Amino acid sequence: MRRNRNVKIVATLGPASSDKDTIRALFEAGADVFRLNMSHGSHAEIAERHAIVRAVEAETGRPIAILADLQGPKLRVGTFSAGAVELEEGKAFRLDLNPEDGNDDRVCLPHPEIFAALEPGARLLVNDGKIVLRVERCGAEFADCTVVVGGVISNRKGVNVPDVVLPLRALSDKDRADLDFVCELGVDWLALSFVQRAADVEEARDLARGRAAILAKIEKPSAVNAFDEILEVSDGVMVARGDLGVELPVHAVPPIQKRLVRRARAMAKPVIVATQMLESMIESPMPTRAEVSDVATAIYEGADAVMLSAESAAGNYPVEAVRTMHNVALSVESDATYQQVIAAFRSYERSTVADGIVAAAREIAEATDIKAICCFTESGTTPIKVARERPHLPIIALSPSVTTLRRLCLVWGITCVATGPVDRFKTAVVSAARAARDLGIAQASDQIVVTAGVPFNVRGTTNILRVAPCDERLIYRAEAE
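Residues numbered from 1 in each chain as written. Predicted model: local features only at pLDDT ≥ 70, side-chain atom pairs only at ≥ 80, totals over all residues. Heavy atoms only, no water.

Draft legend 1. Quick look at the overall build of the chain. Helix and strand counts for the chain stand at 18 helices and 21 strands. Here the chain has a C-alpha radius of gyration of 24 Å; the compact-globule value for 481 residues is 23 Å, and the two agree. Expressed as lengths along the three principal axes of its C-alpha atoms, the size of the chain is roughly 90 × 45 × 45 Å. For the chain, with 481 residues in total, the buried portion stands at 57%. Sequence-distant contacts in the chain: of pairs separated by 6 or more residues, those separated by 24 or more amount to 68%. When the accessible surface of the chain is summed, it comes to about 19400 Å², and 49% of that surface belongs to carbon and sulfur atoms. (Helix = DSSP H or I, 4+ residues; strand = E, 2+ residues; numbered from the N terminus. Rg over C-alpha atoms; globule rule 2.2 N^0.38 Å. Buried < 20%, exposed > 50% of the residue type's maximum accessible area, 1.4 Å probe, protein only. Contact = heavy atoms within 4.5 Å. Areas by Shrake-Rupley, 256 points an atom, 1.4 Å probe, with all protein chains shown as cover.)

Shown next, in the form of structure tokens:
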């Protein structure tokens, strides 16, 4: 089974999509990666969903990626004696460490680390930015604020602090426990929330110990400012537009999205565009035209993947949402303008032998009647570099490592094929030719480009490029000659 599109689809699992029939239907409709949201569900529920995905993988014979999304620290106010109060614009309001119930004048904010970082003039955004407070005076245990945008504030509403870098680690105690649990379970990607600096990603990598690839969620202004450093130490990134749209002006998010996607592409790091992509499909079987345009924009930009959250996790039409996203991708990628836009951004720095080989593979393939670029890989680096080139023809990644193949399911344009250990280049070429024929990409009379590294099964040794026939008799004949 091969997808006839390049962009990948990430579908979040939840109450609406936790049984095997639905998960199988999501996969068949187009989901390439399943997201386990660690903010919701017990470890037992997470383990059950993980097991179902692996069962579907075994039944279909195609690698499927599983992404565990860690919750991150949650900053919330305390409780009110009346359950809620209304804050009026221009009025004074205090946040402090006093654990007593709040009233019209104050409420507890049980996070001393916030007070340690605040400065006069900083903003506090409550309840997804619906309420805006400006800090006038602050100390180690309080912040006296003016209400800039008023509204009703109730128990345990979330707080965002966009104007300062908080002295908080991205991993809470819950996150550390969840990280170890899902790594032992066997997930392929870890999405790290509340990233502010590169050190946050490095801490998660140390804890993961190579058991999963690390994907940094860019959802805070501080992460946007430190994006290059964060990207350098991450295996991939997610443009999480929900919190970005809270902490930054909403009109600033589209250019940020475009800039981050391009930078990630240039660095050959997979990038997901997420949040509210088909939000109306939580309750409606049809998306809005604006949502379809939003998904299309991410695909035109060359994002590796687009993601569904509540649409597939808790909505009434999870399978329809995946199918809609799949159909939008097919429409965009069949548009001649798409190839022009994708090809317009290939100003990459190429400094290694592998960089040169994958660039040559694309140029040869697109200049002649080649049907596919086939990459033998141990670590997945070479097919990711080929995907960065965004070629006009299929990319087939062949590997004896199921771990590598699962991680590559997130990457643009790559079809993953499991193969046995290879110790001779001729065997690699034969396996590639068979894969291209079996997938319906090529016939015996066609040619493919094969990249590999000698010695085999050693990371980082890509050093061979060959144009090969798909007819095995011709491969063996050339070898004999």
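Draft legend 2. Region of the structure containing empty space enclosed by the protein. The final tally for this structure, using the stated rule, is 1 cavity of 30 Å³ or more. Space inside the largest cavity adds up to approximately 50 Å³. (1 Å grid on protein atoms, 1.4 Å probe; cavity = no way out; pocket = protein on both sides within 12 Å on 5 of 7 lines; lining within 4 Å. Points joined across faces, edges and corners; volume = space filled by probe spheres on them.)

Draft legend 3. Spotlight on helix H5 (residues 198–208). Taken together, the buried positions of H5 are Ala198, Asp200, Val201, Glu203, Ala204 and Ala208. Those residues of H5 that are buried lie in contact with helix H4 (173–185), strand S12 (189–192), strand S13 (213–218) and helix H7 (227–233). Just downstream of H5 lies arginine 209, where phi reads positive at about 50°.

Draft legend 4. Summary view of the packing of aromatic side chains. Summed over all chains, the structure comprises 1 aromatic pair. If you follow arginine 3 out to its NZ or CZ, it ends over the ring of phenylalanine 27, 4.8 Å from the centre. Positioned above the aromatic ring of phenylalanine 194 is the side chain of lysine 220, whose terminal nitrogen or guanidinium carbon lies 4.7 Å from the ring centre. (Phe/Tyr/Trp six-rings, centres within 6.5 Å; stacked < 30°, edge-to-face > 60°. Lys NZ or Arg CZ within 6 Å of the ring centre and 35° of its normal.)

Draft legend 5. A look at the sheet that holds strand S5 (residues 92–96). Spatial ordering of the open sheet is given by S6-S5-S9-S8-S7-S11, a layout of 6 strands whose pairing is mixed. The open sheet terminates on both sides in strands that have one partner only, identified here as strand S6 (106–108) and strand S11 (159–160). (Pairing = 2+ DSSP bridges.)

Draft legend 6. Region of interest: unusual backbone geometry. Its identity is not glycine, yet glutamine 276 carries a phi of approximately 60°, on the positive side. Counting through the fold element by element, glutamine 276 comes out in the loop between strand S15 (271–274) and helix H10 (289–300). Positioned with a positive phi, arginine 390 is a non-glycine residue whose angle comes to about 50°. Along the polypeptide, arginine 390 turns up in the loop between helix H15 (381–388) and strand S18 (395–399). Arginine 390 sits in the buried class, given a relative accessible area of 2%.

Draft legend 7. Expanded view of the sheet that holds S15. What the 8 strands build is a closed barrel, ordered S1-S2-S3-S12-S13-S14-S15-S16; its pairing is parallel. In this sheet, neighbouring strand axes are inclined to one another by 25° on average, regardless of whether the strands run parallel or antiparallel. Against the sheet, H5 engages S12 and S13, with an angle of about 155° to S13. Against the sheet, helix H12 (residues 318–333) makes contact with strand S1 (8–13) and strand S16 (305–308), and its axis sits at roughly 155° relative to S16, the strand it touches most. (Axes fitted to C-alpha atoms, helices over the stretch in contact; angles between N-to-C directions.)

Draft legend 8. Representation of the packing of helix H2 (residues 43–60) against H4. Their axes nearest at 11 Å, the elements H2 and H4 cross at an angle of 30°. Taken together, the axes of H2 and H4 are roughly parallel relative to one another. Like other packed secondary-structure pairs, H2 and H4 cross with a definite hand, here right-handed. Contact with H2, carried on its side by His43, Ile46, Ala47 and His50, involves Ala177, Asp178, Phe181, Val182 and Leu185 of H4 and no other residues of that element. For the contact of H2 with H4, a count of residues per class yields 6 nonpolar, 2 polar and 1 charged. (Parallel < 35°, antiparallel > 145°, perpendicular 65-115°, else oblique. Left-handed = near helix turned anticlockwise from the far one by under 90°. Nonpolar A, V, L, I, M, F, W, Y, C, P; charged D, E, K, R; others polar.)

Draft legend 9. Region of the structure containing the environment of glutamate 184. Secondary-structure assignment places glutamate 184 in helix H4. Here glutamate 184 falls in the exposed class, since its relative accessible area comes to 54%. With 154 residues separating them along the chain, glutamate 184 and tyrosine 338 place their C-alpha atoms 40 Å apart. Only 2.6 Å separates the side chain of glutamate 184 from the side chain of arginine 211, close enough to count as a polar contact. (Polar contact = N/O pair within 3.5 Å; in protein donor to acceptor, adjacent residues only side chain to side chain.)

Draft legend 10. Main features of the pattern of salt bridges. Counted according to the given criterion, the structure contains 38 salt bridges. With a closest N to O distance of 2.6 Å, glutamate 57 and arginine 406 form a salt bridge. Here glutamate 57 is found in helix H2, whereas its partner arginine 406 is found in helix H16 (residues 402–408), with 349 residues between them in sequence. Between glutamate 203 and arginine 176 there is a salt bridge, and its shortest N-O distance comes to 2.8 Å. With a gap of 27 residues between them, glutamate 203 in helix H5 and arginine 176 in helix H4 connect regions that are remote in the sequence. Judged by its relative accessible area of 25%, arginine 176 falls in the partly exposed class. The structure contains a network of salt bridges with shared partners spanning Arg3, Arg5, Asp32 and Arg62. (Salt bridge = Lys/Arg side-chain N within 4 Å of Asp/Glu carboxyl O.)

Draft legend 11. A look at the packing of H4 against H5. At a minimum axis separation of 10 Å, H4 and H5 run at an interaxial angle of 45°. Our classification of the angle between H4 and H5 gives oblique. Between H4 and H5 the crossing geometry is right-handed. Note on element contacts: H5 touches H4 through Glu203, Ala204, Leu207 and Ala208, opposite Arg176, Leu179 and Cys183. In terms of residue class, the contact of H4 with H5 is made up of 5 nonpolar, no polar and 2 charged.

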